[in-house]
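# Structural description and commentary
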Amino acid sequence: MFGIATWRALRRRGVMGINQRNGDYVLMYNDRRLYPLVDDKIRTKNMALEAGIQVPDMYGIIDTEQGISQLEHIVETHGDFVIKPSQGAGGDGILVISDRFEGYYRSASGRMISPEELEFHISGIISGLYSLGGHRDRALIEYRVRSTDLFDRISIGGVPDVRIIVLQGYPVAAMLRLPTRQSDGKANLHQGAIGVGVDIATGVTLSGTWHNLKIDRHPDTAHPVAGVQVPDWDQCLALAARCYDLTGLGYLGVDLVMDKHKGPLMLELNARPGLNIQIANDDGLLRRCRLIEDHLEARGEDAGTEAAASRVALSRRLFAVPDLPEAPTPP
Amino acid sequence: MRSVKLHARLLAVALLVLGAGSIAYQILVQDVPLTESESDPVWVVDTQLSFQARPNTPIKARMFVPPLNSGFTALNESFISNNYGVNVNRENGNRLVTWSARRGEGQQNLYYRLMLTSRFADPALPPENGPQFRPSPELKGAERVAADALLAPIRQHSADVETFVSETIKRVNSEDSDNVRLLLGGDHSPENRARVVDLLLAVAHIPAEPVHTLQLQETSSQQPELWLRTFNGQNWLYFNPADGRQGLPEDRLVWWSGEQPLLTLEGARGAKVSFSVHRNEMSALRLAQSLRSQDASSFIDYSLYELPVPSQQLFRVLIMIPVGVLLVLLIRSLIGMETLGTFTPVLIALAFRETQVIWGVLLFTFITAIGLSVRGYLEHLKLQLLARLSVVLTFVVIMMGLISLLGYKLGLSTGLSVALFPMVILTMVIERVSIVWEERGGAQSLKVAIGTLVAAVLCHLLMVWSPLVYFVFTFPGVLLILAAVMVFMGHYRGYRLMELVRFRAMTEEGER
């Protein structure tokens, strides 16, 4: 029968299902009390700053209606910036200002925005227009990430990011998330972005996934997605591994962006990372998590004490992909 | 983690055993009917006693009635008589009814009606100790010789009391022997034969007594049949004196034992007793209830049937909620269909009770669609979430009012009149769908709404399926079994059906 054969094949490949992720990983490694740390971007950012983890610079926070008039002062010295709701979801309410002209602001898509319009937008953020459950929120004004041009061929609009899943401080899987026209510049897979697996050992991209399918080329640019080197990969892994020490969340999705000048920056954390990363890497998460768990069990008493660098080294050794795809030749 | 898993499994098994045990107890020991429609034969035995009263003399009629101590439960027993005093008392293991009147005239009819069933009968009481020895009667001359001559081979051919009695009956019935003929003295009636058997047994010091039985079979008139019984130290053994068969058939009811006649009459003559037996069908449940009303012990004690009827009605609905919740749980964890929360489909299913499924689904779809399009419009106005939802809900209520009004004007009153409960639930559903829309987009909320609707319809169909409702209500142990399944599902780590499709790309099949 179709179902049973598929079931067996998935089990053989160590594919993790939602029931398993929720029961054996999220419920088991993530203390519910710690969720607010990752749900509120400002708290995450402050925590990261204290620990010396690189994040996009925070220019200011606006949390009251009176504070909105401070905007002009906050962005005085910055030509471009991003305004985000601190507890937003799915990228709603994010406004990217790329330039200024004659007292107007220019958005990333080229629209001119008057200061009044911008203030109205911030007012909406504060009153909870974009936050989960509609309670009051804070507006975060921060550095605008300038995407490296390495991904230009395989990304349309928006900034690609790298999602790394970290189990007990060990990176287990990584995926490059590339916006498409359909995803409207957002890097969320369920909105139509594509995910491309990344080899943990080298940071070279593998094949990709789009809407649960396996793909080899970007749907908009038709360029092959495999064989691209993610820059500063060592730093990416080190950053991701340290996010575990930072939050205490044992099963964590770390989202990083590659800035042209500042290198990898930690963007946000996710306590329930999705499972499509498995299709992107064409490898089961369960298989990889089991390897880490076996390692931890073997260490016994010392399980929690391994240093970040040694954890990363182990992951690189365990999850190296044997034959990497060739870099695509420019057409 | 291992120990927690083991703990959960033990809990699930314990719940399962407890639940299954209580159900098994109810079925096997309390004999609770498995389905509502299960019916049992109820035997109605009518006894008519008629006689001619002598004028100006007190009348006293004493008649045996069944002792009812084994095999059958009496549902109802009535003595119908005009102007007679009725008195029932026990005597040597028999029951005797005495009708008495100061005077009566002409033809008198007295009735005794007994309704019997074999369900819920107490297991036969341990028999009171019967006699095991009796002195032999004084026999003289030829009879003495004949009896001894008959008994000698019987003793030889038998091993114990049981075989002795059957052997005796066989010999007495064979008639070819002169000895038997002598003892019978020309009277070949079954009664006389029984008397001779009894006599022979008495000579052998074996205690025996005649019992008079009635067969429970549709008959308009029947006379009690004579059987013999003897006590072997543990049990009463019954024998048919006509052919020596042992064991009382299931459909025979002991009316009285001993040699006394059925009826003794004073102050009257021309007595006639006739029995008629009818068979009725009665639902096992009603039967139990009527037993309960006459204080007989039945499974109704300590069951939900003891609640007052309005509470029972409510509980019939309430007790099905875990069934619906379990279904939603299975739909979500096994199939992977997304629904709004766990409880919402069950609540919608409850709302369907009042609106009917078809109307409910139409109403649900229509009003949700209206609510969401209002939401979409308000999104343009950049209203805050709470304000936006409030407006949506207000419009939902307005829509419901319009629909009701329209339905009423068109004469479709029954289907379209929206009750309070469904309205509240619908409003809640729209709020939750809207929140999903806010958080995860339109396509997702559509998917969730359809999943919820499908789950709700399935839940509704399951929750109103009357055999199931009866079963859960009658055997509340089912709830423990459900809880066991839920605990077990809490540790289910397998794939959901939808995931087999989602990750199909990762199998070799998907490669091709």
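The model shown is predicted, which means the values in this text are computed figures rather than measured ones.

Conventions used here
Residues numbered from 1 in each chain as written. Chains lettered and ligands numbered in written order. Predicted model: local features only at pLDDT ≥ 70, side-chain atom pairs only at ≥ 80, totals over all residues. Helix = DSSP H or I, 4+ residues; strand = E, 2+ residues; numbered from the N terminus. Rg over C-alpha atoms; globule rule 2.2 N^0.38 Å. Buried ≥ 20, exposed ≤ 12 C-beta atoms within 10 Å, placed from the backbone. Contact = placed C-beta atoms within 7 Å. Pairing = 2+ DSSP bridges. Domains from an automatic or database assignment. Axes fitted to C-alpha atoms, helices over the stretch in contact; angles between N-to-C directions. Nonpolar A, V, L, I, M, F, W, Y, C, P; charged D, E, K, R; others polar. Core = buried A, V, L, I, M, F, W, Y, C linked by C-beta atoms within 7 Å. Expected span 1.5 Å × (residues − 1). pLDDT = per-residue confidence, 0-100. Parallel < 35°, antiparallel > 145°, perpendicular 65-115°, else oblique. Left-handed = near helix turned anticlockwise from the far one by under 90°.

## Regarding the overall build of chain A
What chain A contains, in helices and strands, is 10 helices and 13 strands. Here the C-alpha atoms of chain A give a radius of gyration of 20 Å, agreeing with the 20 Å that 2.2 N^0.38 yields for 331 residues. For chain A, with 331 residues in total, the buried portion stands at 41%. For chain A, the proportion of contacts with a sequence separation of at least 24, taken over those separated by at least 6, is 62%.

## Quick notes on the overall build of chain B
Across its full length, chain B carries 18 helices and 13 strands. Within the span of chain B, comprising 512 residues, buried residues form 29% of the whole. In chain B, of all internal contacts separated by at least 6 residues, the share reaching a separation of at least 24 is 75%.

## Observations concerning the sheet that holds strand β4 (residues 104-107) of chain A
All names here are of chain A. The strand order across the open sheet built from 6 strands is β1-β6-β2-β3-β4-β5, with neighbouring strands paired in antiparallel fashion. Lying at the two open borders of the sheet, with one neighbouring strand each, are β1 (58-62) and β5 (112-113). The pairing of strand β2 (residues 81-85) with strand β3 (residues 95-101) spans 3 bridges and is antiparallel. From the neighbouring strand, I83 faces β3, where its bridge partner is L95.

## Here's the deal with the domain arrangement of chain A
Annotation of chain A at the domain level lists domain 1 (13-38 + 148-318) and domain 2 (57-142). The C-alpha-based centres of domain 1 of chain A and domain 2 of chain A are spaced at 29 Å.

## With respect to the pairing of β4 of chain A
Residues and elements named next belong to chain A. As paired strands, β3 and β4 are joined by 4 bridges and run antiparallel to one another. Among the inter-strand pairings, I97 is bridged to a residue of β4, identified as S107. Counting the residues that bridge the hairpin from β3 to β4 gives 2 residues, and of these E102 lies at a positive phi of roughly 50°. Pairing of β4 with β5 involves 2 bridges; the strand directions are antiparallel. Note that in β5 the partner of R106 across the bridge is M112. From the end of β4 to the start of β5, which pair antiparallel, there are 4 residues, and G110 there has a positive phi angle of about 100°.

## A short note on the sheet that holds strand β2 (residues 59-65) of chain B
Residue and element names in this part refer to chain B. The 4 strands lie next to each other as β4-β5-β2-β12, forming an open sheet whose pairing is antiparallel. Unpaired on one side and paired on the other, β4 (85-91) and β12 (263-266) mark the two borders of the sheet. Taking each pair of neighbouring strands and ignoring which way they run, the sheet shows an average axis angle of 15°. Pairing analysis gives 7 bridges linking β4 to strand β5 (residues 94-101), with the strands arranged antiparallel.

## Some remarks on the interface of chain A and chain B
The partner chain B presents 24 residues to the 29 residues of chain A that form the contact. The residue makeup of the side of chain A that touches chain B, split by class, is 12 nonpolar, 13 polar and 4 charged.

## Focus: the environment of D251 of chain B
Looking at where D251 of chain B falls in the secondary structure, it is placed in the loop between β10 (236-239) and β11 (252-257). D251 of chain B sits 209 residues away from H460 of chain B along the chain, and the two C-alpha atoms are 45 Å apart.

## Points about the pairing of β4 of chain B
The buried count for β4 of chain B comes to 0 of 7 residues, which makes it a mostly uncovered element. Between the end of β4 of chain B and the start of β5 of chain B, which pair antiparallel, lie 2 residues, with N92 of chain B showing a positive phi angle near 50°.

## A look at the nonpolar core
Residue and element names in this part refer to chain A. Counting residues in each nonpolar core, the largest one holds 70 residues, and the members touching the most others are V166, V172, C243, L256 and M266. The element best represented in this core is helix α7 (residues 233-247), accounting for 9 residues. Discounting residues that sit within four places of it in the chain, M266 has contacts with A48, I53, Q54, V55, L239, C243, V254 and L256.

## Looking at α7 of chain A
All names here are of chain A. Taking 1.5 Å of rise per residue, 15 residues should cover 21 Å, and α7 covers 22 Å from first to last C-alpha, within 8% of that figure. Extensive coverage of α7 is indicated by the burial of 11 of its 15 residues. Looking only at α7, the buried set comprises W233, C236, L237, L239, A240, A241, R242, C243, Y244, L246 and T247. G248 lies just past α7 and shows a positive phi near 80°.

## Here's the deal with the domain arrangement of chain B
Each assigned domain of chain B is listed here: domain 1 (39-126 + 268-284), domain 2 (141-252) and domain 3 (312-474). For domain 2 of chain B versus domain 3 of chain B, the separation of C-alpha centres amounts to 76 Å.

## Some thoughts on helix α9 (residues 343-355) of chain B
Residues and elements named next belong to chain B. In this model α9 runs 19 Å from its N-terminal to its C-terminal C-alpha over 13 residues, within 8% of the 18 Å that 1.5 Å per residue would give. For α9, the tally of buried residues reaches 10 of 13 residues, placing the bulk of the element in the interior. Every buried residue of α9 is listed here: T344, P345, V346, L347, I348, A349, L350, A351, F352 and T355. Within two residues after α9, Q356 carries a phi angle of roughly 70°, on the positive side.

## Brief notes about the confidence of the model for chain B
All names here are of chain B. In this model, chain B carries a mean pLDDT of 81, and residues with pLDDT of at least 70 account for 90%. Of all helices and strands in chain B, the one with the weakest mean pLDDT is helix α12 (residues 413-416) (53), whereas helix α16 (residues 477-490) scores best (93). Two numbers describe this predicted complex: its pTM, 0.71, and its ipTM, 0.79.

## Quick look at the packing of helix α8 (residues 321-335) of chain B against α16 of chain B
Describing two packed helices takes the angle between their axes plus the distance from one axis to the other. All names here are of chain B. The contact between α8 and α16 brings their axes to 10 Å, and the two run at 20°. When the axis of α8 is compared with that of α16, the two are roughly parallel. Where α8 crosses over α16, the handedness of that crossing is left-handed. Listed contacts from α16 to P322, V323, L326, L329 and S333 of α8 are L479, L482, V485, M486 and M489. Of the residues contributing to the contact of α8 with α16, the split by class is 9 nonpolar, 1 polar and no charged.

## Examining unusual backbone geometry
Residue and element names in this part refer to chain A. At N212, a residue that is not glycine, the phi angle is positive and equals roughly 65°. Structurally, the position occupied by N212 is in the loop between β10 (205-210) and β11 (213-215). For A222, which is not glycine, the phi torsion reads 65° and is therefore positive. Position of A222 among the secondary structure elements: in the loop between β11 and α7.

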